[in-house]
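# Inside the fold
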Amino acid sequence: MEELRRGLSSSQEELRGANQRLRESEKRYRILAENSSDVIWSMDLSGKFTYVSPSILRLRGYSPEEALSQKIDEAFCPGSVVILRKNLRLVSEAARENRQVTLPLLELEQPHRDGTLVWTEAAVQIIYDDTRRPTGVIGVSRDISGRKQAELAMRQSEEKLSIFFQTAPDALAIYRICDDTYIEINRGFERVTGYSREEIIGRRAREIGIWDSYDDRQCAIAELQRNGELMHRDFAFKRKDGTKGVGLFSGKLIELKGDQHVVIVVADISDRKAAEQKLRESQKFIEDILNAIPARVFWKDADKRYLGCNLLFAKDAGCQRVEEVVGKDDFQLPWKKYADSYRRLDEEVMATRKPKLLVPEVQELSGGKRHLLLNKLPMIGADGSVTGVLGTYLDIT
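Here the structure is a predicted model, which means the values were calculated and not measured.

As a further point, take the sheet that holds strand 12 (residues 306–309). The antiparallel open sheet is built from five strands, whose spatial order is 12-11-15-14-13. Two strands in the sheet have a free side with no partner beyond their single neighbour: strand 12 and strand 13 (356–365). Adjacent strand axes in the sheet meet at a mean angle of 25° when their direction is disregarded. Across nine bridges, the pairing between strand 14 (residues 368–380) and strand 15 (residues 386–395) is antiparallel.

A sheet is described by the order of its strands in space; here five strands give the open sequence 7-6-10-9-8, paired in antiparallel fashion. Sheet topology places strand 7 (181–185) and strand 8 (229–238) at the edges, where each strand pairs with a single neighbour. Direction aside, neighbouring strands of the sheet carry axes that sit 30° apart on average. Inspection of the sheet shows strand 8 paired to strand 9 (residues 244–256) by eight bridges, in the antiparallel sense. From the neighbouring strand, Lys238 faces strand 9, where its bridge partner is Lys244. Against the sheet, helix 11 (residues 270–292) contacts strand 8, strand 9 and strand 10 (259–268), and its axis sits at roughly 140° relative to strand 9.

Moving on, we get to the packing of aromatic side chains. Summed over the entire model, instances satisfying the criterion amount to 15 aromatic pairs. Judged by centre distance (5.3 Å) and plane angle (65°), the rings of Trp211 and Phe235 are edge-to-face. Of the two residues, Trp211 sits in the loop between helix 9 (205–208) and helix 10 (214–227) while Phe235 sits in strand 8, which places them 24 residues apart along the sequence. For the residue pair Trp211 and Phe235, the accessibility class agrees, reading buried in each case. Taking 5.6 Å as the distance between ring centres and 50° as the angle between the ring planes, the aromatic pair formed by Trp211 and Phe249 counts as tilted. With Trp211 in the loop between helix 9 and helix 10 and Phe249 in strand 9, this residue pair connects regions lying 38 residues apart in the sequence. We note that Trp211, like Phe249, is buried.

In this structure, strand 11 (residues 296–301) lies alongside strand 15, joined through six bridges in antiparallel fashion. Opposite Val297, over in strand 15, you have Thr392 as the bridge partner. Hairpin connection of strand 14 to strand 15: five residues between the antiparallel strands, including Gly384 at a positive phi of 90°.

What counts, and where the lines are drawn
Residues numbered from 1 in each chain as written. Predicted model: local features only at pLDDT ≥ 70, side-chain atom pairs only at ≥ 80, totals over all residues. Heavy atoms only, no water. Pairing = 2+ DSSP bridges. Helix = DSSP H or I, 4+ residues; strand = E, 2+ residues; numbered from the N terminus. Axes fitted to C-alpha atoms, helices over the stretch in contact; angles between N-to-C directions. Contact = heavy atoms within 4.5 Å. Phe/Tyr/Trp six-rings, centres within 6.5 Å; stacked < 30°, edge-to-face > 60°. Buried < 20%, exposed > 50% of the residue type's maximum accessible area, 1.4 Å probe, protein only.

Here it is as structure tokens:
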């Protein structure tokens, strides 16, 4: 009997010690919970809060007592309620099937008292009873509103860049150098080349054959790798239908996932180049006509400086090429002693807007005396203003 009393006394003493240690442990954990900047909360499997730490006031503007009394759809936004209930169901299903389950890190949106919304990241653990059956969950929530705002700003920025990339009228592409492969193109690229996105993405440039000369491609890549960029370079390209065009090529070297890539911008200048070629041909035709006629032809700007002439006039001026006359005035040419007279006639023609025709002139130069028959007409611009003088003369010596 004495031994039984001693045994009971010892057991009671151990129980009191265990209870004391439990209270001390609970006290330590409560101190941690009540002083944590994160919100610590617990909830049963029906979605009812069983504990909310004081830091909820800073996070959502509610006291712990107010938060504790809130229903799940009052404490969380609709989308987050769906996520939370789904995870509570997972716990219940795992309990019925006698299996363990680990809950993922949850991103939950919660309403603040002031009407704003707060994004939180919750690490959630399952609470088990003595029989290892789940009775609820305990969570630690942290305010991630700043991060979510940054992510939103980044998504919006990416969306704007995507819109710009896809709607730009020029051909844009991202090209990986190491394996000669296109990884992205825009609709402008499809329009300019005639290839669809599906025909380009993941394929090699050499295989597709867009570059008219693959040597041009090699030179462009070499310059990009040397300088980091290549700006406004003309290159010939081939369309899907076999026709050729000219593109104004610019590129910038970037690094993506450890590999060198090129952001390519190509403006289709085929029409402009064709127009320039036609203009050159037209100018050559006019030059041929001017050089074929026996008269000397010249034209000056409003300051009486020569803008152009034919070859006969250039030779009279002691020049071998027309370009040697351009930009000069009469004081800089062999007939400079007549310069004042010639310039007065230029001024009269421009001032009166009336031509002077079949004006006899005499020139005495180192080659002897010449008799000329001179014509001068005002040049009128598209806006109606006088822009200079057009002149011709015949040597009638």
